[in-house]
Amino acid sequence: MGRFKFVLYRPLQTIPVLIGVSIITFVLVRSIPGDPVRVLLGPRAKPSIIAAVREQYGLDEPLVVQYFYFIYNLLHGEMGRSIIYRVPVLDVIAERLVPTLFLLSYALLLTVALALALAIVAARNQRRLPDHLVRMFCTAGLGLPAFWLGIVLIMVFSVGLGWFPVSGYGDGFWGHLHHLFLPALTIAVALAPVLTRNLRATLIDQMEAGYVQTARARGMSERALFYRHVLPNSLVPTVNLLGVAFSWLIGGTVVVETVFSIPGMGQLMVSSIFSRDYLLVQGVTLVFALGIILTNFIVDVVNVALDPRIDP
Amino acid sequence: MTGEPILSVRDLTVQFDSGDGWRSVVEDVSFTLNKGEVLGIVGESGSGKTVTSRALIRLLPDRVSRIAGGCVDFEGRDVIAMSESALEDIRGGKIGMIFQNPTTHLDPVMRIGQQIAAGLMLHLGLRSRAARARTIELLDEVGFRDPERQVDAFPHELSGGMRQRAMIAGALSCNPSILIADEPTTALDVTVQAQIIELLRTLGRQRGLSIIFISHDLGLVADFCQRMVVMERGRIVEAGAVDDVIARPQHPYTIRLLHSQPGLTAPGSYFDLDGETKSRNETRPAPQGDATYLAIDRLAVAFSRKRSLGEILTRKPVRDLAAVDGVSLNLTRGEALGLVGESGSGKSTLARSVVGLVTPKSGEIQLDGKSLGKPGERQRGPWHRQIQMIFQDPVSSLNPKMTVGETLAEPLSVHRLCPPADVKDRVLGLMTEVGLEHDLLNRKPHQLSGGQCQRVGIARALSVEPEFLIADEPTSALDVTIQAQIINLLMRLRESRGLTMLFISHDLTVVRHLCQRIAVMQHGRLVETGSAEEIFDNPRQDYTRKLLAAIPRVARAR
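Residues numbered from 1 in each chain as written. Chains lettered and ligands numbered in written order. Predicted model: local features only at pLDDT ≥ 70, side-chain atom pairs only at ≥ 80, totals over all residues.

## So, the overall build of chain B
The test is simple: The way it works is that DSSP assigns letters per residue, a run of H or I at least four long becomes a helix, a run of E at least two long becomes a strand, and they are numbered from the N terminus. Within these notes, the globule rule equals 2.2 Å times the number of residues to the 0.38 power, and the radius of gyration is based on C-alpha atoms. Three exposure classes are used. Buried residues have 20 or more other C-beta atoms within 10 Å of their own C-beta, exposed residues have 12 or fewer, and partly exposed residues fall in between, all C-beta atoms being placed from the backbone. C-beta atoms are placed from the backbone for every residue, and two residues are taken to be in contact when these atoms lie within 7 Å.
The number of helices and strands found in chain B is 21 helices and 20 strands. A globule of 558 residues ought to have a C-alpha radius of gyration of about 24 Å, and chain B, at 26 Å, matches this closely. Principal axes of the C-alpha set define a box for chain B whose edges measure 70 × 65 × 50 Å. Within chain B, the proportion of its 558 residues that are buried is 46%. Counted over contacts in chain B with a minimum sequence separation of 6, partners at least 24 positions apart contribute 68%.

In structure tokens, the structure reads:
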């Protein structure tokens with residue numbers, strides 16, 4: 001299995017990326033107009049107190065020194081204390097990460113299921129009614145903004161039918177599953193159309209491929225050759241697209257989290273930016289960056305597993 | 001030696017949806033295949049031979065095509081009227097099929113063993129372990145050297161020839177009585193082609209197979225088949241025993257096909273095609289003087305291999321792939337030198353480095369006594385105009401967005417060869433010279449045939465008045481009658497313009513026809529050079545002999 005050797009050294013390549021991300025966020029956050037201490041203490045705070053608090057958080061040091069403190073702490077597993085919450089940044093993130101991860105995985109699962117089912121139906125009934133219906137769904141899904149769709153789903157299924165809770169995150173695995181269904185569906189409806197269209201096109205393309213002819217000439221039924229040859233050959237481009245979509249989603253859950261009042265990372269990101277909570281913004285950004293790097297890594301591994309010709 | 005009919009086709013008509021109604025692609029085709037015989041179907045692209053072969057087991061695309069009439073009688077049943085499930089039993093079970101391109105016709109993400117075993121499990125009901133064991137036997141039978149291990153190989157891990165062997169193993173896995181082979185060797189090198197034909201011959205004899213062999217190559221059909229049918233524009237124009245058809249062709253199209261065979265017309269003379277002037281017989285101009293025109297001295301070209309991050313960091317030396325490995329070659333002015341070799345032999349890379357499309361690693365190229373510059377520091381110069389190239393794929397070597405007129409005018413204005421007012425006249429003159437009708441001036445490549453595209457490519461090369469023409473497999477993508485026309489054209493141009501030419505081909509007969517001297521390449525090295533007669537009548541190297549032996553029979557006759 002020489003092709004999988006990259007699993008060992010690829011993580012090393014993320015180090016320069018992470019250093020770059022840390023520098024950029026560090027500088028960007030500090031170039032936003034505003035001052036976390038003033039936000040924290042209010043407009044009428046005395047200058048001496050402001051100076052004292054600034055010193056306490058190390059904000060009076062030169063930027064370069066502050067950056068090295070940040071990296072030094074990071075290497076010791078510390079991200080510093082949140083200025084607003086006054087607890088370690090890691091604790092804040094840990095608490096918010098779980099709902100977001102749950103939501104993302106849930107949405108991913110629904111998206112893949114939806115896209116696979118729709119694309120297969122559309123491709124196998126090319127230019128017939130099911131294909132047209134799928135096309136209409138895709139156009140609608142692309143056109144509906146997530147906040148609007150979320151609100152409509154809440155009104156119909158939560159307020160109207162009472163099947164799902166209006167907001168929140170729920171308790172325990174089944175509670176989460178129940179509470180997060182509508183938010184995950186909202187994301188899936190937005191994400192699935194692109195994947196569906198892509199997969200449908202690839203499937204139709206592959207149905208014309210030479211090896212399908214060979215399999216047909218060998219007496220294989222249409223159904224068997226679709227699932228044994230056409231589908232496996234169509235997955236690689238779709239997995240790549242899914243990786244891109246998922247990376248985008250990692251930073252883009254904020255709308256859905258806001259509509260459904262889920263205490264997740266997206267919300268945390270926005271609130272920490274508003275309060276100029278430098279250390280928290282840095283922490284959240286780094287976690288997002290890690291998530292995207294991890295996603296790309298997983299996509300690479302899956303691709304290598306799916307296609308024996310790929311040798312990274 | 002052949003028995004009773006096993007498959008008979010009567011009045012088969014296949015239609016395709018042309019956008020405005022159904023158009024017949026195959027019309028009233030009738031023939032029979034006898035037990036144990038090899039039947040050839042010969043024709044050029046668009047003749048309907050592939051569609052006919054697919055129609056025999058109804059492998060045509062739904063909706064855009066339909067079988068409009070006729071029947072295919074196999075074992076007392078009509079394949080055309082059969083139910084889908086009965087058809088699935090026949091496909092692969094009773095009639096096996098192999099295709100032109102083993103690279104695209106094997107599933108790239110599935111191990112070859114699994115692909116072969118699928119048929120065994122489907123038709124013979126074998127369990128996976130038994131199917132695997134049988135697959136290994138089959139791979140052994142078709143000439144795999146290490147079937148136990150190679151059964152788990154993916155298609156991309158095998159060479160083209162081995163892939164075609166795997167495809168044959170798959171088609172024969174369930175002991176069918178008929179094998180349909182659709183251009184099974186067209187994508188392969190000549191020596192590999194000879195091996196595959198030999199394999200089919202042996203397997204056919206051992207298993208008592210009846211084979212339908214579809215090919216554009218008359219020589220190959222003459223070599224391999226007992227009977228043949230000739231197809232043109234969807235109809236059978238001639239049928240009979242191979243020897244009769246070749247010795248006494250009746251239909252004008254068959255005669256034209258035979259006259260287009262490079263091996264059947266005396267080297268150096270024009271092909272006798274209707275519409276082409278059939279002037280002097282011996283047209284080869286003698287080399288004008290002995291002065292060396294192009295001198296290639298110990299030229300080497302290497303392509304760097306992909307390096308891993310570890311190899312880059314540790315600066316571990318990586319051996320590059322030597323595409324051309326120390327080749328020295330001279331051309332005298334006015335000479336036509338043929339460069340032959342199989343794929344990967346480095347012949348195209350050599351040509352590309354002469355034109356300057358590839359940077360050599362070492363060595364020197366001199367044109368007319370002047371060096372074209374050291375590797376890496378080659379500059380633009382007048383030789384850019386002197387050396388021109390014609391490419392293999394006539395369609396993709398033209399810009400799809402440019403009309404014929406624009407394509408031909410571009411080099412004239414780039415090199416400022418004539419005042420803008422005269423460009424159109426020059427373009428029309430070039431078109432006349434290469435035999436293009438003037439009303440094609442505003443056509444784009446996709447509105448032209450392959451032969452017309454290649455004529456545009458030749459006219460484009462000629463537009464800058466070159467002295468030296470490099471033709472890289474200019475006819476391999478073309479039908480044989482079109483090939484004959486293009487070769488006629490190249491010979492006429494050489495005569496009228498006194499061109500020096502480097503002609504690259506995998507086809508020895510074509511090279512023999514056009515060139516006085518032949519150079520043979522293998523693995524980036526020059527194996528042998530000599531006059532065309534020497535190479536053909538008295539080859540010194542084993543590899544050259546192997547190449548010559550691989551030429552199908554009809555081309556060698558006479």
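## As for the nonpolar core
The line we're drawing: The nonpolar core is taken to be a set of buried Ala, Val, Leu, Ile, Met, Phe, Trp, Tyr and Cys residues joined by way of C-beta atoms within 7 Å. Residue ranges labeled as domains rest on an automatic or database domain assignment.
Judged by nonpolar contacts, the single largest core of 209 residues is most densely connected at B:Ile212, B:Phe213, B:Val221 and B:Phe503. Here the element with the most residues in this core is helix H9 (residues 181–207) of chain A; it accounts for twelve residues. Both domain 1 (5–259) and domain 2 (336–352 + 382–556) of chain B contribute no fewer than three residues apiece to this core. Grouped together as the second largest cluster of nonpolar side chains are 14 residues, A:Val92, A:Ile93, A:Met269 and A:Val287 included.

## A word on the environment of A:Ala122
If you trace the backbone, A:Ala122 turns up in helix H5 (residues 89–124). In contact with A:Ala122, not counting residues within four places along its chain, are A:Pro130, A:Asp131, A:Val134 and A:Arg200.

## Considering the UniProt feature "domain: ABC transmembrane type-1" (unreviewed entry) in chain A
Let me state the cut-off plainly: UniProt positions are given in the numbering used here, feature names are shortened, and annotations may be inferred rather than shown by experiment.
UniProt records the feature "domain: ABC transmembrane type-1" (unreviewed entry) at residues 97–299 of chain A, using the numbering of this structure. Secondary structure content for residues 97–299 of chain A is 83% helix and 0% strand, while the C-alpha to C-alpha distance between its ends is 21 Å.

## A few points about the sheet that holds strand S9 (residues 227–232) of chain B
Residues and elements named next belong to chain B. Quick note on the threshold: Think of it this way: DSSP has to see at least two bridges between two strands before they count as a pair. To obtain an axis, a line is fitted to C-alpha atoms, over the contacting stretch when the element is a helix, and the angle between two such axes runs from 0 to 180 degrees between their N-to-C directions.
Judged by pairing direction, the sheet is mixed, and its six strands sit side by side in the order S6-S7-S8-S3-S9-S10 without closing on themselves. Strands with a single pairing partner mark the edges of an open sheet, and in this sheet they are strand S6 (95–98) and strand S10 (235–241). Here the strands of the sheet are splayed against their neighbours by 15° on average, with no regard to which way each runs. The sheet contact formed by strand S3 (residues 38–42) and S9 spans four bridges and is parallel. In the strand pairing of S9, Val42 is matched with Val230.

## Notes on the packing of H5(A) against helix H6 (residues 129–143) of chain A
Residue and element names in this part refer to chain A. The test is simple: Here is the rule for angles: anything less than 35 degrees is roughly parallel, anything more than 145 is roughly antiparallel, 65 through 115 is roughly perpendicular, and the remaining ranges are oblique. Throughout, a crossing is termed right-handed when the near helix is turned clockwise from the far one, and left-handed when it is turned anticlockwise from it by less than a right angle.
Where H5 contacts H6, the two axes come as close as 7 Å, and the packing angle between them is 140°. The pairing of H5 with H6 is recorded here as oblique in orientation. Crossing of H5 against H6: the hand is left-handed. Residue-level contacts link Leu118, Val121 and Ala122 of H5 to Pro130, Asp131, Val134 and Phe137 of H6.

## Considering the UniProt feature "domain: ABC transporter" (unreviewed entry) in chain B
In the numbering adopted here, UniProt assigns the feature "domain: ABC transporter" (unreviewed entry) to residues 7–258 and 304–548 of chain B. Counted over residues 7–258 of chain B, helix gives 38% and strand 27%. Its end C-alpha atoms are 28 Å apart.

## With respect to the sheet that holds strand S4 (residues 65–74) of chain B
Residues and elements named next belong to chain B. Read from one edge of the open sheet, four strands run S2-S1-S4-S5, paired in antiparallel fashion. Among the strands making up the open sheet, the edge pair consists of strand S2 (22–34) and strand S5 (77–78). Relative to S4, strand S1 (residues 5–17) is paired through eight bridges, and the arrangement is antiparallel. When the bridges of S4 are listed, Thr13 appears paired with Gly69. Here helix H1 (residues 49–56) sits on the sheet in contact with S1, S2 and S4, set at roughly 65° to S2.

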